[in-house]
Amino acid sequence: MPTKHDFVQHNCDHYDGNRYDHLDKRKYGEEADICIVGAGAAGGVLAYELSQAGFKVVVIEAGPFWNPQTDFASDELSMHSLAWNDTRLVAGNNPLAMGHNNSGRGVGGGTVHFTGVFYRFHESDFQLRTMDGVADDWPITYKDLEPYYEKIEKDIAVSGPKHFPWGPFQGPYPYPEREPISANSELFRRGCEKLGIRSAVAPLAILSAPFDGRPPCINRGFCNQGCLPNAKFSTLIHYIPKAIGHGAEVLSDCMVTQVVVDKSGRVTGVTFIHDDKEYFQKAKITIISAFCIETPRLLLHSACPMFPNGLANSSGMVGKALMTHTGHDIYAKFHDEVRIYKGTPVMAVSQEFYETDKSRGFVKGYTLNAHGSRPLGLAKNLVSKADIWGEKLYDIMRDYNFYAQITMVGEVLPDNNNSVTLSNEKDEYGIPRPIITFSYGENDNKLIVHGVQKANEILEATGGKPAFVIPDTGHLMGTCRMGNNSSTSVVDGFCRSHDIPNLYICSAAVFVTSGGCNPTETVMAIAARTADYIIEEAKKDGQYGMRKTSSMT
Amino acid sequence: MQERTRYINYNVLKEKEHWDDHTREIVLKRLGPFIEYKFLSEHETKMILAIAEHIVYDERKEILLYVVHNLDNTLASPIGENQRKVGIPEHKILVRQGLKAVDKFAQKQYGVSFLEINKQQQLSVLTALSKGEAMQMEWQSIPQKELFKKLATEIVSAYYSHPTVWSEIGYGGPAYPRGYVRVETGLTDPWEAKRDANEA
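Residues numbered from 1 in each chain as written. Chains lettered and ligands numbered in written order. Predicted model: local features only at pLDDT ≥ 70, side-chain atom pairs only at ≥ 80, totals over all residues. Heavy atoms only, no water.

1. Some thoughts on the overall build of chain A
Rules: Runs of H or I in DSSP of at least four residues are treated as helices and runs of E of at least two as strands, each being numbered from the N terminus. The size measure is the radius of gyration over C-alpha atoms, and the globule rule it meets is 2.2 Å times the number of residues to the 0.38 power. Residue burial is assigned from relative accessible area. The probe radius is 1.4 Å, only protein chains are included, and a residue is buried under 20% of its type maximum, exposed over 50%, and partly exposed in between. It only takes one pair of heavy atoms within 4.5 Å for two residues to be counted as in contact.
A tally of helices and strands in chain A yields 11 helices and 18 strands. In terms of overall dimensions, chain A is globule-like: its C-alpha atoms have a radius of gyration of 22 Å, near the 24 Å expected for 553 residues. Taken along its principal axes, the extent of the C-alpha atoms in chain A is 65 × 55 × 45 Å. Residue burial in chain A is summarised as follows: out of 553 residues, 68% are buried. If you take every contact in chain A between residues at least 6 apart in sequence, the share linking residues at least 24 apart comes to 74%.

2. Focus on the overall build of chain B
Worth spelling out the cut-off: For every accessible area listed, the method is Shrake-Rupley and the probe measures 1.4 Å; residues are considered covered only by the protein chains on display.
Within chain B, the secondary structure is distributed over 7 helices and 1 strand. The order of α-helices and β-strands along chain B, N terminus first, is α-α-α-β-α-α-α-α. Considering only residue pairs separated by 6 or more positions, chain B has 65% of its internal contacts joining residues 24 or more positions apart. About 9,300 Å² of surface is accessible on chain B, with carbon and sulfur atoms providing 53% of the total.

3. Regarding the packing of aromatic side chains
Two numbers describe a pair of aromatic rings. These are the distance of the centres and the angle of the planes. Residue and element names in this part refer to chain A. We count it as follows: When the centres of two rings from Phe, Tyr and Trp lie within 6.5 Å, Trp using its six-membered ring, the rings pair. Their planes under 30 degrees apart give stacked, over 60 give edge-to-face, and anything left gives tilted.
Considering all chains together, one arrives at 32 aromatic pairs over all chains under this definition. Seen in terms of ring centroids, phenylalanine 118 and phenylalanine 233 are 6.5 Å apart; in terms of plane orientation they differ by 65°. Their pairing is edge-to-face. With phenylalanine 118 in the loop between β3 (88–91) and α3 (128–132) and phenylalanine 233 in the loop between β4 (200–201) and α6 (239–245), the pair connects residues that are 115 residues apart, well separated along the chain. Each member of the pair phenylalanine 118 and phenylalanine 233 is classed as buried. Consider the rings of phenylalanine 353 and tyrosine 366, whose centres lie 5.7 Å apart with planes at 25°: the pair is stacked.

4. Section: the UniProt feature "domain: Glucose-methanol-choline oxidoreductase N-terminal" (unreviewed entry) in chain A
Inclusion rule: UniProt positions are given in the numbering used here, feature names are shortened, and annotations may be inferred rather than shown by experiment.
UniProt records the feature "domain: Glucose-methanol-choline oxidoreductase N-terminal" (unreviewed entry) at residues 102–326 of chain A, using the numbering of this structure. Helix makes up 23% of residues 102–326 of chain A and strand 17%, and the two end C-alpha atoms of the span are 12 Å apart.

5. Looking at the pattern of salt bridges
All names here are of chain A. Selection rule: A pair is scored as a salt bridge if a Lys or Arg side-chain nitrogen falls within 4 Å of a carboxyl oxygen belonging to Asp or Glu.
What the rule picks out here adds up to 49 salt bridges over all chains. With a closest N to O distance of 2.9 Å, arginine 481 and aspartate 136 form a salt bridge. Pair noted here: arginine 481 is in the loop between β17 (473–479) and β18 (503–505) and aspartate 136 is in the loop between α3 and α4 (142–156), with a separation of 345 residues, a long-range link. Since its relative accessible area comes to 32%, aspartate 136 is described here as partly exposed. Arginine 190 is the partner of glutamate 186 in a salt bridge, and the nearest nitrogen-oxygen pair spans 3.4 Å. Remark: arginine 190 and glutamate 186 occur in helix α5 (residues 183–195); sequence separation between them is 4 residues, near one turn of the helix. Within this structure, Arg88, Glu294, Arg297 and Asp427 form a network of salt bridges that share partners.

6. Points about the pairing of strand β7 (residues 267–274) of chain A
Residues and elements named next belong to chain A. Stated precisely, the cut-off is as follows: Pairing between two strands is assigned when DSSP locates at least 2 bridges connecting them.
Summarising burial for β7: 7 of the 8 residues are buried, a large majority. Following strand β6 (residues 255–261), the chain reverses through 5 residues before pairing antiparallel with β7; glycine 265 in that reversal takes a positive phi of roughly 90°. Bridging between β7 and strand β8 (residues 277–288) involves 6 bridges; their strand directions are antiparallel. What sits directly across from threonine 271, in β8, is phenylalanine 280. Here β7 folds back onto β8 in antiparallel fashion, the turn holding 2 residues, of which aspartate 275 has a positive phi close to 50°.

7. Looking at the interface of chain A and chain B
Just so we agree on the cut-off: Reported buried area values correspond to the accessible surface (1.4 Å probe) lost by two parts on association, with both partners' losses combined.
Counting residues at the interface gives 65 residues for chain A, matched by 65 residues for chain B. Across the chain A to chain B interface the summed buried area is about 5,300 Å²; carbon plus sulfur atoms make up 56%. It is Trp389(A), Tyr394(A) and Arg398(A) that lose the most area in chain A upon contact with chain B, and together they represent 16% of the buried surface on that side. Along the contact surface separating chain A from chain B lie 6 salt bridges.

8. Some words on helix α1 (residues 41–52) of chain A
Residue and element names in this part refer to chain A. Rule in force here: To estimate how far a helix should reach, multiply one less than its number of residues by 1.5 Å.
The end-to-end C-alpha distance of α1, which contains 12 residues, comes to 17 Å, matching closely the 16 Å that a straight helix rising 1.5 Å per residue would cover. With 11 of 12 residues buried, α1 is to be regarded as a mostly interior element. All of the buried residues in α1 are Ala41, Ala42, Gly43, Gly44, Val45, Leu46, Ala47, Tyr48, Glu49, Leu50 and Ser51. Those residues of α1 hidden inside the fold are in contact with β1 (32–37), β2 (57–60), α4, α6, β8 and α11 (520–541). Two residues or fewer after α1 comes glycine 54, characterised by a positive phi angle close to 105°.

9. Examining helix α8 (residues 375–385) of chain A
Burial analysis of α8(A) places 8 of its 11 residues in the buried class, the great majority of the element. Of the residues making up α8(A), those classed as buried are Pro375(A), Leu376(A), Leu378(A), Ala379(A), Asn381(A), Leu382(A), Val383(A) and Ser384(A). Structurally, α8(A) contributes buried residues whose contacts are with β10 (329–333), α9 (390–398) and β16 (465–470) of chain A together with α6 (144–159) and α7 (163–169) of chain B. In the stretch just after α8(A), Asp387(A) is the one whose phi turns positive, near 55°.

10. Regarding the packing of helix α2 (residues 42–56) of chain B against helix α3 (residues 61–76) of chain B
Residue and element names in this part refer to chain B. Our working definition: To get an axis, a line is fitted to the C-alpha atoms, and for a helix only the part in contact is used. The angle between two axes follows their N-to-C directions and goes from 0 to 180 degrees. Helix crossings are classified by the rotation of the near helix relative to the far one: an anticlockwise turn of less than a right angle makes the crossing left-handed, while a clockwise turn makes it right-handed. Residues are grouped as follows: Ala, Val, Leu, Ile, Met, Phe, Trp, Tyr, Cys and Pro are nonpolar; Asp, Glu, Lys and Arg are charged; all remaining types, including Gly, are polar.
The interhelical angle for the contact between α2 and α3, taken along N-to-C directions, is 115°, at an axis separation of 9 Å. Read as a crossing pair, α2 and α3 show a hand that is right-handed. Touching Thr45, Ile48, Leu49, Ala52, Glu53 and Val56 of α2 are Lys61, Leu64, Leu65, Val67, Val68 and Leu71, all from α3. Of the residues belonging to the contact of α2 with α3, the class tally is 9 nonpolar, 1 polar and 2 charged.

11. Thoughts on the nonpolar core
A general feature of soluble globular proteins is that nonpolar side chains tend to end up buried together. To keep it simple, the criterion reads: To form a nonpolar core, buried Ala, Val, Leu, Ile, Met, Phe, Trp, Tyr and Cys residues must be joined to one another through side-chain atoms within 4.5 Å.
Counting residues in each nonpolar core, the largest one holds 233 residues, and the members touching the most others are Leu50(A), Ile287(A), Phe511(A) and Phe114(B). Sorting elements by how many residues they give to this core places α11(A) first, with 11 residues. Among residues more than four places away in sequence, those in contact with Phe114(B) are Met47(B), Ala50(B), Ile51(B), Val102(B), Asp103(B), Ala106(B), Gln122(B), Val125(B) and Leu126(B).

12. Notes on the UniProt feature "domain: Glucose-methanol-choline oxidoreductase C-terminal" (unreviewed entry) in chain A
Per the UniProt entry, the sites bearing "domain: Glucose-methanol-choline oxidoreductase C-terminal" (unreviewed entry) are residues 414–527 of chain A in this numbering. Strand forms 26% of residues 414–527 of chain A and helix 25%; the C-alpha atoms that close the span are 22 Å apart.

Here is the structure:
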């Protein structure tokens, strides 16, 4: 980072030129209607919807308020700073790699460095118990989320095909599909074609034409390093600035350390630390949108005499049933150059193996994404996840330009042994570090074998020679699951905690099952639905005055 | 030995004027000069330099010095480790104690320290570490596979962030503000790496 620009300093309060210097002079210092912890995929949408509805909204975010133009670079190593890099302890048979591949830090959260792949879940994803006799059904169905999926896609102008062959929504998407597609994606589609497997251009939260003052994608390929041109959607550049326009306040570089409960058992607000100093933010409603690790960590750490096992945890399910996606990367070598560094990483997909097919010997399935990689990403994964180093690593990397890659995003079933718990080791804020325990189950392992084989078949069909497989994971879900039964779940179908009426938990943490595709759109749809619910409830009981706000959108 | 590169005439730095300022500043710093070490001792830097040669299969000091400096920077930084397995020491301790254990191991096997054994012997030590097969007393407190993985991951990450290495593998590098225009099969932008006509 250049010394002349210290991103930690352009922190608190407001976007571009509308800042207060001191946290003692906060806009809603006395009391906010809504306090949202975390400014990621869910937090951003909530802030926008709720501030637009007239609530006094404060968003508290642990990381910086990035300025893409000065903070982002076309460089993999330096852009690891976008991740949640704090040390987490990992355990289990398949300890998870944490950081850049699953957790964001700073306003925008993980959306700042996701690939922009934007899928709706399928109907079957909400009904695993009913359809396959495993895991649980969600308390909500696809139909409940459908209007919110549609709204979000329009809000941010998702690009995608006219016809998407799988699931309940088959297009057309609001913006045209991206073209041309990268060589890697072309090879994928040709391979699929030869095998009679349907494929499509990926639905992406990346612009194919100008929208809302932002330009279309220029194929830098650095989606995961933060998009400099702002062609890729993130809540940092879309929902958060709009929320601020509607009056929301964003406190960045502020680490929430405690959710505070009064004697009546209601949440009064949160304490947070900025520059070593502790503050309190009072709010009528608190929403924890701090993803799947920090959310349960905060709830467990906020235990108090009334809730000795942690907040919202009468079911004992806070921190339980953590899920990831199998993210195995399958590579084949080609005679001609492919150059996987070019273009949006994922531009072609197949969900042909998404739904349960009993003949395969496992339930549920996966998405195959043609996937690009830049050199550090590939080399680092080779050494850290596939144990390839020395001359062998050198040989592979010398021929970097000749490899094509497919990444599977495979469903992982919930298992209560996969969990987030507190350790005895404390971090710099005095909060116990989380222990993240994860092991694949039998179904997961069978699904992986199948997915790797299919990916190799596709690559071989178009002339590739299967080369190596990197066992990787991506995305986190679960740990505060939703459900109708308060003894087996943490929140209801609207993300309201069963135990504390003015505490909501809204992020991928509430997922009951993981689905077989990238989860960001579903996180955002759930957030939009939760916001709607809060607005409707407030109208009903008339408890919160609905202010008229400026018409800025 | 085969040529290091299929792209003999390509130098990604020739395009640096087309990069945004922030990216250019970050990448050029990797060419040195480097500030002094903040965490590693002189002996430790020499050991990491020697280990890095094997991990990335390259002996060029001008690149490996950056690699060592990057690791030093990581170890000196207050930023977290992303993840650490339960029971494994914090990375600063892991590396420091681990390097001592590597020396002791070399001493027991060959009678001299790691830097004094020959390259082949060094490679066998590292291979044993990577497989967790260097069975000696000193490894009881230092998990050898974790040590190897930590060092290797940091070394490889920095190495493949060096512009000279980008040029050799034919990576087009940073592309802002101009982007890549020709992304389809067989097409390259005029400024991307072209293979040497004579290479195999």
